[in-house]
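The chain contents come next:
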Amino acid sequence: MRSFRSSSEYYNSIAHIYDEMYEDVYWSIAKQQIKATIEKHVSSITDLIVIDIGGGTGYWSLWALKKGTKVVFVEPAQKMFEQARIKISKEMGMELRNVHIEFINCSAEDLDSFLRLEENFDVIFLLGDVLSYVDNLEKTMENISRAAKKGALVFGTVDNYFSYVKDVISYGSWRDYRYLANRRKLPIGSEFGTFEARAFEPAEIENTFEDYGFKVVELTALASMQSVELSIKYGKYFVFEAEHLFFVAKKV
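Draft legend 1. Summary view of the packing of helix 4 (residues 59-66) against helix 5 (residues 78-92). For the pair helix 4 and helix 5, interaxial distance at closest approach is 10 Å and the crossing angle is 25 degrees. Put simply, helix 4 runs roughly parallel to helix 5. The two elements helix 4 and helix 5 cross, and the hand of that crossing is right-handed. Here Tyr59, Ser61, Leu62, Leu65 and Lys66 of helix 4 lie close against helix 5, whose contacting residues are Lys87, Ile88, Glu91 and Met92. Of the residues assigned to the contact of helix 4 with helix 5, the class counts are 5 nonpolar, 1 polar and 3 charged.

Draft legend 2. Highlighting the packing of aromatic side chains. Under the counting rule described, the total for this entry stands at 23 aromatic pairs. Aromatic pair Tyr22 and Trp27: ring centres 5.0 Å apart, planes at 65 degrees, arrangement edge-to-face. Considering the side-chain rings of Phe209 and Phe214, the 5.5 Å spacing of their centres and the 85 degrees angle between planes classify their relative orientation as edge-to-face. Given the relative accessible area of 3%, Phe214 is considered buried. Through a chain of ring-to-ring contacts, the aromatic side chains of Phe4, Tyr10, Tyr11, Tyr18, Tyr22, Tyr26, Trp27, Tyr133 and Phe195 assemble into a single cluster. The side chain of Lys31 reaches across the aromatic face of Tyr59, ending 4.6 Å from its centre. A cation sits over an aromatic face here: Arg85 above Phe103, 5.0 Å from the ring centre.

Draft legend 3. View of the side chain of Asp129. In this structure, Asp129 sits in the loop between strand 4 (121-126) and helix 6 (130-133). The side chain of Asp129 is buried and forms no salt bridge, while Arg198, the nearest opposite charge, is found at 12 Å. Those residues within four positions of Asp129 in sequence are excluded, and the remaining contacts are Thr157, Val158, Asp159 and His244.

Draft legend 4. Spotlight on the nonpolar core. Residues Ile124, Leu126, Leu131 and Phe209 are the most contacted members of the largest nonpolar core, which totals 34 residues. If near-sequence neighbours (up to four positions away) are discounted, Leu131 is found in contact with Leu126, Leu137, Thr140, Met141, Ile144, Val158, Arg198, Phe200, Phe209 and Phe247. Ile38, Ile88, Phe125 and Leu222 belong to the second largest nonpolar core, which has 31 residues in total.

Draft legend 5. Here's a closer look at the pairing of strand 9 (residues 244-251). Most of strand 9 is tucked away, with 7 of its 8 residues classed as buried. Note: strand 5 (residues 148-160) against strand 9, 7 bridges, orientation antiparallel. Across the sheet, Gly156 pairs through a bridge with Phe247, a residue of strand 9. Sheet analysis places strand 8 (residues 214-221) next to strand 9, joined by 7 bridges and oriented antiparallel. If you follow Phe214 over to strand 9, its bridge partner there is Lys251.

Draft legend 6. Representation of the pairing of strand 5 within the structure. Of all the 13 residues making up strand 5, 10 are buried; the element is thus mostly covered by neighbouring parts of the structure. Relative to strand 5, strand 4 is paired through 5 bridges, and the arrangement is parallel. In the strand pairing of strand 5, Leu126 is matched with Gly156. Alignment of strand 5 against strand 7 (residues 193-200), held across 2 bridges, turns out to be parallel. Paired with Asn160 across the two strands is Phe200, which belongs to strand 7.

Draft legend 7. Representation of the pattern of salt bridges in the model. Tallied over the entire structure, the rule returns 12 salt bridges. Residue Lys139 is joined to Asp112 by a salt bridge in which the shortest nitrogen-to-oxygen separation is 3.3 Å. Remark: Asp112 occurs in the loop between strand 3 (101-104) and strand 4 and Lys139 occurs in helix 7 (residues 137-147); sequence separation between them is 27 residues. One salt-bridge network, in which partners are shared between bridges, spans Asp112, Glu118, Lys139 and Arg146.

About the thresholds
- Each chain has its residues counted from 1, running along the sequence as written.
- Under the rules for a predicted model, residues below a pLDDT of 70 receive no local features and side-chain atom pairs below 80 are neither given nor counted, while totals for whole chains, interfaces and linings still include all residues.
- Note that water and hydrogens are dropped before the side-chain values are worked out from all heavy atoms of the structure.
- Axes here refer to lines fitted to C-alpha atoms; in helices the fit is confined to the stretch in contact. Angles between the N-to-C directions go from 0 to 180 degrees.
- The secondary structure listing takes helices from DSSP runs of H or I that are at least 4 residues long and strands from runs of E that are at least 2 residues long, numbered from the N terminus.
- Here the word oblique covers every angle except those under 35 degrees (roughly parallel), over 145 (roughly antiparallel) and from 65 to 115 (roughly perpendicular).
- With the far helix as reference, a near helix turned anticlockwise by less than a right angle produces a left-handed crossing, and one turned clockwise produces a right-handed crossing.
- Whether two residues touch is decided by their heavy atoms; if any such pair falls within 4.5 Å, the residues are in contact.
- Note on residue categories: nonpolar means Ala, Val, Leu, Ile, Met, Phe, Trp, Tyr, Cys or Pro, charged means Asp, Glu, Lys or Arg, and polar means any other residue, Gly included.
- Centres within 6.5 Å make a pair out of two Phe, Tyr or Trp rings, where for Trp the six-membered ring is used; the pair is then stacked when the planes are under 30 degrees apart, edge-to-face when over 60, and tilted otherwise.
- The cut-offs for exposure are 20% and 50% of the maximum accessible area for each residue type, with area from a 1.4 Å probe on protein chains only; residues under the lower value are buried, those over the upper are exposed, and the others partly exposed.
- For a Lys NZ or an Arg CZ to count as sitting over a ring, it must be within 6 Å of the ring centre and within 35 degrees of the ring normal.
- Positive residues here are Lys and Arg, negative ones are Asp and Glu, while His and the chain termini are left out of the count.
- Salt bridges are counted wherever a side-chain nitrogen of Lys or Arg sits within 4 Å of a carboxyl oxygen of Asp or Glu.
- As used in this record, nonpolar core signifies buried Ala, Val, Leu, Ile, Met, Phe, Trp, Tyr and Cys residues forming a set joined through side-chain atoms within 4.5 Å.
- We call two strands paired when DSSP finds no fewer than two bridges between them.

Below, the structure written as structure tokens:
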């Protein structure tokens, strides 16, 4: 199995099949849970300014655009970026110059080199485990903090440290466990290859955002049950078991 040096290299290699890989029941529940949570915290997203960091092939940017927002789409993987442009143009039924979206092909760490960040955004998407994949978490968080208006909401997902521990116990070795414990990282991926990603404990998410001027107002498991309703109701009880954590943070 191929080992990629970065998440961007991995996602470039699967960009042409990425959407197909996320059409199963788990991801259907996850997407519905995320939408319901956004709508719970944001009474009306229409006319707000959204930045979608690590936007992949554009799923969440497209969803926001259809709600009447203005979007800045940020994606480091060139081929994913290209897929997003094609998808959004096709789904919106118009040329991109007529759509309220700006496309930026760069990493979360380098965003300040491409965009004026200072308190410009009402909503920030970090969906798709962005914080687990960045190379420089501190620089990424600095950019997120600079981009957020006071009261802005961040919606994001990350890989769960305790899920990594469970995988190491089931399939790995003591060497793997020591590596995870020391570096908080493990190789992840699919049959198409692997790359190294960072995992977070629930308390780490709360502490990280607090350090950069946010308060985590919701922290739960993503798609932890066999329905959206049950996942929303009981997800908070599965934050030490779930594969992914889903959080909402508010700029204070």
